[in-house]
Amino acid sequence: MKSSASLYRTLLLSLVVLGCSGSAHADLAVGAVAPAFELKDLDGKTVSLADFRGKTVVLEWINPNCPVSRGYAEKKVMVTTAAAHPEAVWLGINSTRASHEDFIAPAAHKAYDEKNGIGYAVLYDSSGTVGHAYGAKTTPHMFVIDKAGKVAYNGAIDSGPGATSTNYVDAALTALAAGKSPDPATTRPMGCSVKY
Amino acid sequence: MMEKSVLPKLALTAAILLGTLASPGASPAAVGPWVKNEQARVRLVGAGNELGLEFELAAGWHVYWKNPGDAGYAPRLDFSATPALRNATLLFPAPHRIDLPGGLVSYGYETHVLYPVAVELAAGGDPVIPVTARLDYLVCSDQCIPYTATLELSLPRSPRAADGESARLLAAARSALPVELAKLEGAPVVTLSVRSARASAGGRTERTLEVLVAGGSLHAAAVEIFFESHPLFTLDRPVMTAGREGLRFRVPLHVLNETRPLPAATTFAWTLTGFETPVPAGADGAAATAGTDGTLAITGTAEVDLGASLPAGDTTSVFRGVPRIGLFVVACVGVALFLLHRFRRPS
């Protein structure tokens, strides 16, 4: 009797705890700890955020079938910004769900990366778990994580189309390298919606 | 063989002649040529200092409001190639909510939209201004495609020169613009407040923007609320409840940057859509005109106290501030404690 009551109690308690912990997805604030992740790259190798502890990390939400994301790739904006900041680790994350028409196999992504000179790792997050943890909304959507593992910048790569454009991520990386806080630290991400 | 090759030539000549007749400068047309792609066609219309940027969209495609929502961006017009036009400002008709997969949302327009463009004309010069504008825009369905277009318009200086079509389009677009609350007769009272609560000492502060829409003579047909992008917060999807005191919208706020202190107060710019006027628009009732779909939108701004200095663990504010989350957490903890207690006792 006692053990069944104890089992019952455990069961009920875990139900209560599960019910209470189901929280809504929220946007990731600057200053918040960057959520940890472990994802596979295009070769199937596991890459985790913890691998880069102590380094500045840039996360770029990427989708080769999104014309905005592709436009930045073809104009070499990401590659140029990454090359200007060898102190930072640049990672692409593709959160397109496998059943979406935008989804491409890792081999096709590799060809796309080669064609556009993308030398940084691209990680697959087809379940969208990491995308939701970061509140990634668009491709591209950029996050800069500082050496302490906290979000230092959340937003767009630059101020968008038009004759003059400011590269916010370049500015954020330059500020961090100089020991300063990025300003702006948040902008509105612009692009296609992430195909969760 | 000869006949076959002559005919197209004749047709071509005729087309060139017609084209010349209809080209800018020959007659002050107040409607520019469409620039087309698979998803949309777009043109400038206008007369005098009143211009419009008109889109017709293929089924399933949309363009954006000033706050595009989770993805996208509003059209950007650049008139720097036309020095006779100054201080061009794109104005935004009442937006619609467009739901996207993954819980994302966009604010914009489907099927057709005409964005009015307010401009100043430089003094003097020809009666017709050749206008060239660079347009950058994003058109989306589930997919998004960015386009850059060059738009042209032979703009008559006199607003009276607008032809029937452009005058009708501009008038409809003007009436689809949200009306400023202060300028609207019979408008409801719109009250904004931010409720703050800390679930525990040292815990994260939960903030909810509350908007109460009460009174007035307008019929609240299918009211929705939209906000402009905010520099300090992202705003969750509003939850509306209709009660005796009016319509209440609750909007959870999330701080964008935890490393910077919040000011004591901040401004929210809101737009409420979907009102209906009880009587048709009066003869000179600019304030009581209705948009193209017969509904009326209201817009306003409000400075709201952020109540930044609530004491930690203030239970009053937990109950008052976030009744849904606060009470739920309290109830869960209560049930858990009760169960622990209950099943421990028999031993």
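Once a new chain begins, its residue numbering starts again from 1 and follows that chain's sequence as written. Each chain gets a letter, beginning with A, and each ligand a number, beginning with 1, in the order they are written. Local features are withheld for residues below a pLDDT of 70 in this predicted model, meaning they are given only at 70 or higher, and side-chain atom pairs are given and counted only at 80 or more; totals for whole chains, interfaces and linings count all residues.

### Let's talk about the overall build of chain B
Each helix and strand in chain B was counted, giving four helices and 20 strands. Of all 347 residues assigned to chain B, the portion counted as buried reaches 33%. The contact criterion used is a C-beta to C-beta distance within 7 Å, with each C-beta placed from the backbone. Sequence separation of 24 or more characterises 72% of the internal contacts of chain B that already satisfy a separation of 6 or more. The way it works is that DSSP assigns letters per residue, a run of H or I at least four long becomes a helix, a run of E at least two long becomes a strand, and they are numbered from the N terminus. To assign burial, the other C-beta atoms lying within 10 Å of each residue's own C-beta are counted, with C-beta atoms placed from the backbone; 20 or more indicates buried, 12 or fewer indicates exposed, and intermediate counts indicate partly exposed.

### A short note on the overall build of chain A
Check the secondary structure of chain A and you find six helices and nine strands. Taken over 196 residues, chain A has a buried fraction of 41%. Nonlocal contacts in chain A, meaning residues at least 24 apart in sequence, comprise 77% of its contacts between residues at least 6 apart.

### Some thoughts on the sheet that holds strand E12 (residues 179–180) of chain B
All names here are of chain B. Strand order in the open sheet made by the four strands is E12-E20-E19-E15, with mixed pairing throughout. Edge strands, defined here as strands with exactly one partner in the open sheet, are E12 and strand E15 (219–227). At least two bridges found by DSSP between two strands is the condition for calling them paired. By the bridge criterion, six bridges tie E15 to strand E19 (residues 265–276) in an arrangement that is antiparallel. Considered in E19, the bridge of Glu224 is made with Thr273.

### Let's talk about the sheet that holds strand E4 (residues 88–94) of chain A
All names here are of chain A. The mixed open sheet is built from seven strands, whose spatial order is E2-E1-E5-E4-E3-E7-E8. One side of each edge strand has no neighbouring strand; the edge strands of this open sheet are strand E2 (46–48) and strand E8 (151–155). Averaged over all pairs of adjacent strands, the angle between strand axes in this sheet comes to 30°, irrespective of strand direction. As defined by bridge partners, strand E1 (residues 38–41) adjoins E2 across three bridges and the pair is classed as antiparallel. Residue pairing in the sheet places Leu39 in a bridge with Val47 of E2. Orientation is described by axes fitted as lines to C-alpha atoms, over the contacting stretch for helices, and by angles from 0 to 180 degrees between their N-to-C directions.

### Observations regarding helix H2 (residues 164–175) of chain B
Residue and element names in this part refer to chain B. With 12 residues, H2 should cover 16 Å at 1.5 Å per step; its first-to-last C-alpha distance of 17 Å lies within 8% of that length. Among all positions in H2, only Ser166, Leu169, Leu170 and Ala173 are buried. Looking straight down H2, one finds its buried side chains confined to an arc of 95°; they lie on one side. Opposite the buried face of H2, by more than 90 degrees, sit the exposed residues Gly164 and Arg168. Where H2 is buried, its residues meet strand E2 (40–47), strand E3 (50–57) and strand E9 (112–121). The span one expects for a helix is its residue count, reduced by one, times 1.5 Å. Note that the arc is defined by the directions from the helix axis to the C-beta atoms.

### Regarding the nonpolar core
Counting residues in each nonpolar core, the largest one holds 119 residues, and the members touching the most others are Val58, Met142, Val144, Ala152, Tyr153 and Val169 of chain A. Not counting residues up to four positions away in its chain, the partners in contact with Ala152 of chain A are Val30, Val144, Ile145, Asp146, Ala172, Leu176, Pro182 and Ala185 of chain A. Buried Ala, Val, Leu, Ile, Met, Phe, Trp, Tyr and Cys residues whose C-beta atoms connect them within 7 Å together make up a nonpolar core.

### Digging into the environment of Trp61 of chain A
Residue and element names in this part refer to chain A. Note on placement: Trp61 falls in strand E3 (residues 56–61). Taking C-alpha positions, Trp61 is 5.9 Å from Asn94, a pair spaced 33 residues apart along the chain. Sequence-distant contacts of Trp61, defined by excluding residues within four places in its chain, comprise Ile93, Ser95, Gly131, Ala136, Thr138, Thr139, Pro140, His141 and Val194.

### A look at unusual backbone geometry
For the peptide bond that leads from Thr139 of chain A to Pro140 of chain A, omega is 0°, which places it in the cis range. Mapping Pro140 of chain A onto the fold places it in the loop between strand E6 (138–139) and strand E7 (142–145). The omega angle of the peptide bond from Asp183 of chain A to Pro184 of chain A is 5°, so this bond is cis rather than trans. The backbone of Lys76 of chain A sits at a positive phi, close to 60°, despite the residue not being glycine. Within the fold, Lys76 of chain A resides in the loop between helix H2 (67–74) and helix H3 (77–83). You will see that Thr111 of chain B, though not glycine, has its phi angle at about 70°, which is positive.

### Considering the environment of Pro252 of chain B
All names here are of chain B. Secondary-structure assignment places Pro252 in strand E18 (residues 246–255). Judged by the 20 C-beta atoms lying within 10 Å of it, Pro252 falls in the buried class. C-alpha of Pro252 to C-alpha of Ser200: the two residues are 52 residues apart in sequence and 18 Å apart in space. Apart from residues no more than four positions distant in its own chain, Pro252 is found in contact with Thr208 and Asp236.

### Regarding H2 of chain A
Side chains three or four residues apart in an α-helix point the same way, a direct result of the helix having 3.6 residues per turn. Residues of H2 of chain A that are buried include every one of Pro67, Val68, Ser69, Tyr72 and Ala73 of chain A, and no others. Looking at the packing, one finds that the buried side of H2 of chain A touches H3, E6 and strand E9 (192–193) of chain A together with strand E11 (144–156) of chain B. Note on H2 of chain A: the residue one or two positions beyond its end, Lys76 of chain A, has a positive phi of about 60°.

### Side note on the pairing of E11 of chain B
All names here are of chain B. Inspection of the sheet shows strand E10 (residues 128–140) paired to E11 by 13 bridges, in the antiparallel sense. Within the sheet, the bridge partner assigned to Thr132 lies in E11 and is Glu152. Hairpin connection of E10 to E11: three residues between the antiparallel strands.

### Quick look at the confidence of the model for chain B
Residue and element names in this part refer to chain B. Predictor confidence is given residue by residue as pLDDT, running from a minimum of 0 to a maximum of 100. Per-residue confidence for chain B gives a mean pLDDT of 80; residues scoring 70 or more make up 74%. Taken element by element, the predicted model of chain B shows its lowest mean pLDDT in helix H3 (residues 315–321) (36) and its highest in strand E1 (residues 35–36) (98). Confidence drops under pLDDT 50 across residues 1–28; counting only partners more than four residues distant or on other chains, this segment forms 10 contacts. Of the two predicted TM-score estimates for the complex, the pTM is 0.77 and the ipTM is 0.75.

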